[in-house]
Amino acid sequence: MRVVGDLLDGYRIGTGWDEMLEPSHQPRTHYRMLFEQIQTLSRADFDERCGMRDRVFSDRGVTFAFSGEEERPFPLDLVPRIISAAEWEIVERGVGQRVLALERFLADVYGAGEIMRDRVVPRRLVVTSKHFHRAVAGVEPAGGVRVHVAGIDLVRDGNGRLCVLEDNVRTPSGISYVVENRRAMTHVFPELFASHRVRPVSDYPSQLLEALCAATPAGVSEPTVVVLTPGVHNAAYFEHSFLAGQMGVELVEGRDLVCRDNRVFMRTTAGDEQVDVVYRRVDDEYLDPLHFRGDSMLGCVGLVNAARAGNVAIANFVGNGVADDKAIYPYVPAMIDYYLGERPVLDNVETYDLDDTDVRAWALDHVDRLVWKPVDGSGGQGLVIGPQAADAQLAKLATAVDANPRAWIAQSPVALSTAPTYVDGAMGPRHLDLRPFALHDGERVWVVPGGLTRVALPEGSLVVNSSQGGGSKDTWVLARLIDDAVVVDEEDVADPAPPLLTRQPPDPGPSPGHQAAQQQQ
Amino acid sequence: MLARIAESLYWIGRYTERAESTARILDVYSHSVLEDRRGEEESACVRLLDALGAGDAAATIGTEVDALIAFVVDDPRYPGSIAHSLEAAWVNARGAREAISSEMWESINTTHATLTARRGGSAFARHSLLGWARDRAAIVAGLADASMSHDDGWRFIVLGRTLERVDMTVRLLSTRLGDAWGTDGWVAMLRSCAAYEAYLRTYRRGVIGTRAVEFLLLDRLFPRSAFHALSAAESVLYDLDPGPGRRGTASEARRLVGRACAELEFVRADELEASLPTQLGRLEQAGTEAHIAIADRFFHASTAIRWSA
Amino acid sequence: MTWRLSVEHVTTYSYSGDVLASYNEARITPTRDQGQFVLDHRVHVTPHVPIFQYVDYWGTEVCSFDVTAPHRRLVITGRSLVETASAHPIPDSGLAWDTLRAESTRDAFYEFLTSSAFVRCDDARVVRAAAELAAGDPTVAVRRVGEWTREQLTYEPGATDVSTTASGALDLGRGVCQDFVHVAIAVLRTCGIPARYASGYLHPDEDAGIGDSVTGQSHAWLEAWLGWWYPVDPTSGAPVDARHVLVARGRDYGDVTPLKGVFHGPPDPSVDVRVAIERVA
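Residues numbered from 1 in each chain as written. Chains lettered and ligands numbered in written order. Predicted model: local features only at pLDDT ≥ 70, side-chain atom pairs only at ≥ 80, totals over all residues. Heavy atoms only, no water.

(A) Here's a closer look at the overall build of chain B. What chain B contains, in helices and strands, is 15 helices and zero strands. Computed over its C-alpha atoms, the radius of gyration of chain B comes to 20 Å, within 12% of the 19 Å expected for a compact globule of 309 residues. Across its three principal axes, chain B shows a C-alpha extent of roughly 65 × 50 × 40 Å. Out of the 309 residues in chain B, the part that is buried amounts to 53%. For chain B, the share of sequence-separated contacts (at least 6 apart) that also reach a separation of at least 24 residues comes to 64%. Carbon and sulfur atoms provide 51% of the accessible area of chain B, an area that totals close to 13,700 Å². Counting 36 positive and 42 negative side-chain charges, chain B places the centres of these two groups 3 Å from one another. (Helix = DSSP H or I, 4+ residues; strand = E, 2+ residues; numbered from the N terminus. Rg over C-alpha atoms; globule rule 2.2 N^0.38 Å. Buried < 20%, exposed > 50% of the residue type's maximum accessible area, 1.4 Å probe, protein only. Contact = heavy atoms within 4.5 Å. Areas by Shrake-Rupley, 256 points an atom, 1.4 Å probe, with all protein chains shown as cover. Lys, Arg positive; Asp, Glu negative; His and termini not counted. Charge placed at Lys NZ, Arg CZ, Asp CG, Glu CD.)

(B) Local environment of the interface of chain A and chain B. With 24 residues of chain A at the interface, the matching set in chain B holds 22 residues. Roughly 2,000 Å² of surface becomes buried between chain A and chain B when both sides are summed, with 50% attributable to carbon and sulfur atoms. Summed over the three residues of chain A that lose the most area to chain B, namely A:Arg255, A:Thr269 and A:Met297, the buried surface amounts to 32% of that side. In this structure, the connection of chain A to chain B is made through two salt bridges. (Buried area = accessible area lost by both parts, 1.4 Å probe. Salt bridge = Lys/Arg side-chain N within 4 Å of Asp/Glu carboxyl O.)

(C) Up close: the sheet that holds strand S12 (residues 313-315) of chain A. All names here are of chain A. Taken in spatial order, the four strands line up as S7-S6-S11-S12 in an open sheet, and their pairing is parallel. One side of each edge strand has no neighbouring strand; the edge strands of this open sheet are strand S7 (250-252) and S12. The sheet shows a mean angle of 25° between the axes of neighbouring strands, taken without regard to direction. Sheet topology places strand S6 (residues 225-228) next to S7; three bridges connect them, and they run parallel. Considered in S7, the bridge of Val 227 is made with Leu 251. Strand contacts of helix H9 (residues 237-247): S6, S7 and strand S11 (277-280), with the helix running at about 150° to S7, the strand carrying the most contacts. (Pairing = 2+ DSSP bridges. Axes fitted to C-alpha atoms, helices over the stretch in contact; angles between N-to-C directions.)

(D) Representation of empty space enclosed by the protein in the model. Within this structure, the stated rule accounts for ten cavities of 30 Å³ or more. Lining the largest cavity are 14 residues; nearest its centre among them are A:Asn262, A:Asn305, C:Ser64, C:Phe65 and C:Asp66. For the lining of the largest cavity, the secondary structure elements donating two or more residues are strand S2 (21-26) and strand S5 (61-67) of chain C. Of the residues forming the lining of the largest cavity, the biggest block, three residues, is contributed by S5(C). When grouped by side-chain class, the residues that make up the lining of the largest cavity number seven nonpolar, five polar and two charged. (1 Å grid on protein atoms, 1.4 Å probe; cavity = no way out; pocket = protein on both sides within 12 Å on 5 of 7 lines; lining within 4 Å. Points joined across faces, edges and corners; volume = space filled by probe spheres on them. Nonpolar A, V, L, I, M, F, W, Y, C, P; charged D, E, K, R; others polar.)

(E) Focus on the pattern of salt bridges. If you walk through the whole model with that rule in mind, you get 62 salt bridges over all chains. The residue A:Arg260 makes a salt bridge to A:Asp272 at a minimum N-O spacing of 3.0 Å. You can see A:Arg260 sitting in strand S8 (residues 257-260) and its partner A:Asp272 sitting in strand S10 (residues 271-275), a full twelve residues away along the chain. Taking the relative accessible area as the measure of exposure, A:Arg260 reaches 29% and is therefore partly exposed. Linked by salt bridges that have partners in common, B:Glu17, B:Glu20, B:Arg24, B:Arg165 and B:Arg224 make up one network.

(F) Focus on the sheet that holds strand S6 (residues 71-83) of chain C. Residue and element names in this part refer to chain C. Strand order across the open sheet formed by five strands is S3-S6-S1-S15-S10, with antiparallel pairing between neighbours. Strands at the two margins of the open sheet, each flanked by one partner only, are strand S3 (37-46) and strand S10 (213-215). In this sheet, adjacent strand axes meet at a mean angle of 15° when their direction is disregarded.

(G) Quick peek at the domain arrangement of chain C. All names here are of chain C. As far as domains go, chain C holds domain 1 (3-85 + 257-279) and domain 2 (97-254). For domain 1 versus domain 2, the distance between C-alpha centres works out to 24 Å. Of the residues lining the interface, 25 residues belong to domain 1; the matching set on domain 2 comes to 33 residues. Of the roughly 2,400 Å² buried where domain 1 meets domain 2, counting both sides, 54% is carbon and sulfur surface. When the area that domain 1 buries against domain 2 is broken down by residue, the three leading residues are Trp 58, Ile 277 and Arg 279, summing to 29%. The tally of links between domain 1 and domain 2 comes to one salt bridge. Asp 33 is the partner of Arg 249 in a salt bridge, and the nearest nitrogen-oxygen pair spans 2.8 Å. Linking domain 1 with domain 2 are twelve residue pairs in polar contact (both at pLDDT 80 or more). Those elements giving two or more residues to the side of domain 1 that touches domain 2 turn out to be strand S1 (4-19) and strand S15 (270-279). It is S15 that provides the largest number of residues to the side of domain 1 that touches domain 2, a total of five residues. (Domains from an automatic or database assignment. Polar contact = N/O pair within 3.5 Å; in protein donor to acceptor, adjacent residues only side chain to side chain.)

(H) Just the environment of C:Gly192, in detail. Residues and elements named next belong to chain C. Summarising the element assignment, Gly 192 is placed in the loop between helix H6 (177-191) and strand S9 (195-202). Distance from Gly 192 to Ala 130, taken between C-alpha atoms, is 8.8 Å for residues 62 residues apart in sequence. Apart from the residues lying within four places of it in its own chain, the contact partners of Gly 192 are Leu 100, Arg 106 and Leu 113.

Spelled out as structure tokens, the structure:
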């Protein structure tokens, strides 16, 4: 291939792991084709594609509201992040295993509490979790599923091994951007898709709908599913609307629902229609004024008792936050052993339970060498990166940790991997993570091939969260190759197209030339 | 469909039509005054504002055309302003995005964004805004018809649009009460409804007041005639709720609209002008009552409740 | 000796206008453990609506119901026939402090050893009292905490309300059984003795004859864990015996509220509560 551009000339990697280049600066096998193809583009070419991407997004209204700001188009970096088929198999197994362990944990802590009785997880951590909701103790969720949708955040350590940074089993978001990013990329870089076999992500909405329908209360053959949104002012409203539209189900707000006698109804023009499954994107605290915040206008009174009575499925179920509580995270490998009798496929990042006096003392001694996270932070807020923080900030942190150790965890810093990202007209390495999305229908866990890769746009920054100004990349999982032939999963194969019929061109109507000729006679 | 969405679609229909009609009326009015300043502006201005429900503001605005346009286009004190109507349509569309086509949404969204940018401009800018607003609203209405299935969602839009048309026609005709008008006045009136050419093709003779009134109230073929709009509304109400009614008041809206339609259908043309005040009064009342009956039947109260403990 | 008691608990809400909807939970069903047998129990609501029953996290039986027709009065009636447990005499010695302070015990009873909504264990007065009273055997400490509580608070209805915390009651020096229990629990927990709030009904007359229906009360006491959950009445200091009917347990009043709910209507209803108890055997 003719190298035209110099986009990758200045690309230098540090000592950390780069997704594209090996330490020798040679491209990794699965990146080789992309590496060559990018070099056929000049900077002007690339800028032009960026313009095209912006148009595609603004036409479709793909936006995100960054904290405190107005809606802006979602930032997508045009260099895709590629994951080999072999590595993805590990991710699938690891994420699936994790979701199943968390499911068992939730059923246990809201039920018999055996893992606490057996002192594998301290009871004190569970009962002091802000998201441990006693209102759903003893409740059997419909279909036995609590974690219908999970987003398990993965990062690569300095040795290139993927490990789990954080679990998200309450209302993980971002899948709509995964689908929209892919769609934009196919418009902007069709030639890249021609040279790679990328597994599709567009069937997520239909898979989600199937999983939701599988979680239906018993005896309902054609369940009525709704997506419950806080409304147009919510930062993730685009995603709520997107998913409802793609699944073909109603998008409702709390005020459209009413509970009567432990059944849930939505107000329609034809009267009240019973609802069987609520895919809710409203937090627990706002979901039911009877059991949670009485001043919430976003929920539906009586929803929890309707689920308790077995008349409605809530996805994801109430109270899941105790499983993705950061203070519980260090115990997930123990859960995998306790419930599944397995060793974790994906490791945790080394994390310290600060409620233990000795551990806390040691951690505070090394305050500037660890990463400190508030247990209740989301979107990277309140994060303190010890090696990068000022002394005054660290002192304040130490005081806060001593005052309320349950509210913090400390982790060993992970040197997140980097990948080439186009910033200010040049390709430079930027740190990134990966959020694969998993669906659980009660029988198996299906992981979307790909997921949301989030990129920290400022150079050297390790904060990738979208609400803090991060970017994203399209994530490509390559299909497996056996003996040079592409092995495609059965689900990925479309039926062969029927043969085309020969068609006549459309009727052109009366010919203007014909009339002109007449006039001249 | 969700009651809240149905209500939003109904209001999109109403607001879009309102914006279009108001823009057209004002456009015609301002051109006719500018072309032919014969000193009638003051009373015409007052009557126009009165018809648009802004009679109180007449004193403060004066009779300058520019002031009038500024007021009707985007004065925050006037709830029927063009800017308010387009903004309200946008707010409703935002909450009902899944029920309208993406093209219709993009059109409403673009209109709103442009309007925000164009507000508060010079007098010239506001003049050109009138034509622009009229055209944008027409695009939205056209997209509703062409890119939505003609299902219940579309029917609510049509319902809003037709009831708003009846309302507007009644308001316009009410500016003519108690006055003998010259031909020019009637021509302006017909243009305000985009009806001038249609009138000429129908009657093939000059414009006379009695016939103009007849055309705007009784014509079966012209979309902005009160009769046509009412029968379109009745037809849509029938499709929305064909049954004899679940709770006794189910067909109340259809009854009201149907009755108003029938009253127009059987009135004698020669009686029409003499009884014009009565006719207009009846139409106005029918429109108001039908609006309430529709809300009652289809929309319920879907405001969020603040609970007490 | 056990008693057989018939209890009727009627709560009436009266509103100044129509209530369009209300969603409620009642915790007024006597428990079926700790030696107490419930022979019969019914909950009835006017306007008449179906009732859904479940057991909550603390083991309390809950009756939930919604009223979605307009109404101006809501009456909740609970009637039960209960065979109550006889008193357990306080043992002279039992558990050692070592067992109580073991990590496994502290972890198992964590929720009953720490502050909760109405009970702050870090209140200076509570900390001081715990330091003094925790001498000797844990069972001795339990008795002394009860005595100390009665020294700190005078029984006076009306001085406090349902939202008063333990610290608030100590500020006032007065309160009702709810406040006595919150204060005693605060000190017991700070001593390291797991303590939980118990609510129910009390027959006021220890010499009650059979067949006299008297006005009873909703009453609160506590249970302290000394190897088993031992009931203590800090308000009276008397043993918890057959006159006490146990309904609910939790960390504090917030977990056992007899009636809670939300409604859509004119606020601040007037509330009337009557408890009638009759000894039938």
